[in-house]
Amino acid sequence: MQKTGYGYFCLILATLFWGGNYMFGKMLSNEIAPIILNFSRWFPAAVILLLLFGKRLPPYWQTIRKTWKILTALAVLGIIVFPVFLYQGLQTTTALNASIYLAVVPIAVLFLNRLVFADPIRPFVLLGAVISFIGVLWLLSQGEFSRLWQLDINQGDLWAIGSSVAWAVYCCVLRLRPSELSNSVMLTIQVTIAMLIFTPLFLGQLAVTDSSVFARITTQQSWIILYLIIGPSILSYAFWNYGMSIVGGTKGAAFTNATPLFAAALGILVLGEQFQPYHAVSALLIVTGLLLCNKK
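Model, not experiment: these values are computed from the prediction.

Another point: the overall build of the chain. Secondary structure assignment for the chain yields 14 helices and 0 strands. Since a compact globule built from 296 residues should have a radius of gyration of about 19 Å, the 19 Å found for the chain is in line with a globular shape. Along the longest, intermediate and shortest principal axes, the C-alpha atoms of the chain span 55 × 50 × 35 Å. Per-residue burial over the chain gives 49% buried out of 296 residues. For the chain, long-range pairs separated by at least 24 residues make up 88% of all intrachain contacts whose partners lie at least 6 apart in sequence. As displayed, the chain offers around 13,900 Å² of accessible surface, 70% of which is attributable to carbon and sulfur atoms.

Here we come to a nonpolar patch on the surface. A grouping of Phe111, Leu126, Val130, Ile134 and Phe145 is seen on the molecular surface, where their side chains present a nonpolar patch of about 400 Å² in accessible area. The greatest single-element share of the nonpolar patch, amounting to 3 residues, is contributed by helix 7 (residues 123-140). Inspection of the secondary structure puts Phe111 in helix 6 (residues 105-117). Residue Phe111 is classed as partly exposed on the basis of its relative accessible area, which comes to 32%.

Inspection of the secondary structure puts Arg41 in helix 2 (residues 34-53). A relative accessible area of 1% means that Arg41 is categorised as buried. There is a polar contact of 3.0 Å between the side chain of Arg41 and the backbone oxygen of Pro232. Not counting chain neighbours up to four residues away, the residues in contact with Arg41 comprise Trp18, Asn21, Pro83, Tyr87, Leu228, Ile229, Pro232, Ser233 and Tyr237.

Considering every residue of the chain, the mean pLDDT works out to 84; 93% of them sit at 70 or more. Mean pLDDT across the elements of the chain ranges from a minimum in helix 12 (residues 249-253), with 63, to a maximum in helix 4 (residues 68-89), with 95.

To continue, consider helix 10 (residues 183-207). With 25 residues, helix 10 ought to run about 36 Å at 1.5 Å a step, and its terminal C-alpha atoms sit 36 Å apart, in line with that. In the structure, helix 10 departs most strongly from a straight axis at Phe198, where the bend amounts to approximately 40° and where the proline Pro200 lies between one and four residues downstream.

Here the focus is the packing of aromatic side chains. Under the defined criterion, the tally for this structure stands at 15 aromatic pairs. Geometrically, the ring pair formed by Trp18 and Tyr237 is edge-to-face, given 5.4 Å between the ring centres and 90° between the ring planes. Of the two residues, Trp18 sits in helix 1 (residues 2-29) while Tyr237 sits in helix 11 (residues 219-247), which places them 219 residues apart along the sequence. By the burial criterion, Trp18 is buried, and Tyr237 matches it. Here the aromatic rings of Tyr170 and Tyr237 are separated by 6.4 Å at their centres, their planes lie at 75°, and the arrangement is edge-to-face.

Between helix 9 (residues 155-173) and helix 11, the least distance of the axes is 11 Å, while the angle of their chain directions is 45°. Comparing the axis directions of helix 9 and helix 11 gives the class oblique. Here Trp167, Tyr170 and Cys171 of helix 9 come into contact with helix 11, specifically with Tyr237, Trp240, Asn241 and Met244. Considered class by class, the residues forming the contact of helix 9 with helix 11 number 6 nonpolar, 1 polar and no charged.

With that out of the way, let us pick up the packing of helix 10 against helix 11. When two helices pack together, their arrangement is given by the angle between the helix axes and the distance between those axes. Close contact between helix 10 and helix 11 brings their axes to 10 Å; oriented N to C, the two are set at 125°. Comparing the axis directions of helix 10 and helix 11 gives the class oblique. Of the two elements, helix 10 crosses helix 11, and the hand of that crossing is right-handed. Side by side, helix 10 and helix 11 meet where Asn183, Met186, Leu187 and Gln190 of the first sit next to Ile234, Tyr237, Ala238, Asn241 and Tyr242 of the second. Its residues assigned to classes, the contact of helix 10 with helix 11 comprises 6 nonpolar, 3 polar and no charged.

Secondary-structure assignment places Leu96 in helix 5 (residues 95-102). Judged by its relative accessible area of 2%, Leu96 is buried. C-alpha of Leu96 to C-alpha of Val165: the two residues are 69 residues apart in sequence and 17 Å apart in space. Excluding residues within four positions of it along the chain, Leu96 makes contact with Ala264, Glu273, Gln274, Phe275 and His279.

Conventions used here
Residues numbered from 1 in each chain as written. Predicted model: local features only at pLDDT ≥ 70, side-chain atom pairs only at ≥ 80, totals over all residues. Heavy atoms only, no water. Helix = DSSP H or I, 4+ residues; strand = E, 2+ residues; numbered from the N terminus. Rg over C-alpha atoms; globule rule 2.2 N^0.38 Å. Buried < 20%, exposed > 50% of the residue type's maximum accessible area, 1.4 Å probe, protein only. Contact = heavy atoms within 4.5 Å. Areas by Shrake-Rupley, 256 points an atom, 1.4 Å probe, with all protein chains shown as cover. Patch = residues over 30% accessible without salt bridge, like charges linked within 9 Å, V, L, I, M, F, W, Y side chains within 5 Å. Salt bridge = Lys/Arg side-chain N within 4 Å of Asp/Glu carboxyl O. Polar contact = N/O pair within 3.5 Å; in protein donor to acceptor, adjacent residues only side chain to side chain. pLDDT = per-residue confidence, 0-100. Expected span 1.5 Å × (residues − 1). Bend = angle between axes of the 7 residues up to and from the residue. Phe/Tyr/Trp six-rings, centres within 6.5 Å; stacked < 30°, edge-to-face > 60°. Axes fitted to C-alpha atoms, helices over the stretch in contact; angles between N-to-C directions. Parallel < 35°, antiparallel > 145°, perpendicular 65-115°, else oblique. Nonpolar A, V, L, I, M, F, W, Y, C, P; charged D, E, K, R; others polar. Left-handed = near helix turned anticlockwise from the far one by under 90°.

Spelled out as C-alpha cells, the structure:
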C-alpha cells in the first residue's frame, strides 16, 4: 500500500510541473518556434540524463534491440509530438483551453485500451465518454455549436487536441514498456531516441529561421527554459513513468486531470486569461463524464 501511495504522489508531482509547462509554453510559443523551443528543452535534458545514467545502459542493449519499436513510439509520442503540437497550439489558443482538452485523455485511454487490449468498458463509462466529448465540443465552439458547422474554429485548439490525443496514445502504449528497465534507464533511452529523430527536424527549422534566435533569448526566457528542462522534462517524465508503473495505465491516466487544474489556475492568475461561462459549462460536462467513467 505504501508503494502505491508513492506512485500516486509521483503522478501528482508530474502534473504539477506539467501545469507550469502550459503557462510558460504560452509565454514562449509566440517568441520561439515550437520545434526550436522543444529542442531547447529536450536536448539539454538528454545530455544531463546521459551524463547521469549513460553508464547503466550497456547491460540493457539486448532488451533495447528487442523492444526498440515500443521505445521509439514512446519517444515520438511523448517527447516530440505531444509538446510540439502543444506549443504550436498555444500560439493561437489559451493555456486554459489547451489544459481543458487534456482532461479528456483518461477517457481516450479507456477506449484505446478497449480497442487495443480488449479491456472492458462499462455502460457508465460509455455514458461518461459521450458527456465529456460534448464538453470538448462546447469548448471548441465557445458555447455555440453552430461554429462547428461553419468551421469557425481556432486552429490552435485543433493543435491542442492533437497534442492531447498523442498523450492518450502514449499513456496506452506505456503499459508495454520493458519491465526490466529501471525508471532512470527508461527515461534516458526515451529522450535519447527522441533527440536522434528530432535533431534533423530542428536543423531544418533552424535553416529557415533567423540565425540569431538564440542570441535574442532574454534572461527571463533562459530561466523559463531551464525550468522546462528540469521540471516538465526530466522530473515530470521520471515521476510519471514511475507512477504509471505502480498504479497502472487506466488509473494513472486519470491523474492527467490534475494538469488542467494547475494549468488553468496559472493561466488565470499569472497570464490574466479570462474565464468565460462556456469554460465553466465545458469543465462541468467533462468532469461529470469523468466521474461516470470512474463510477464503481
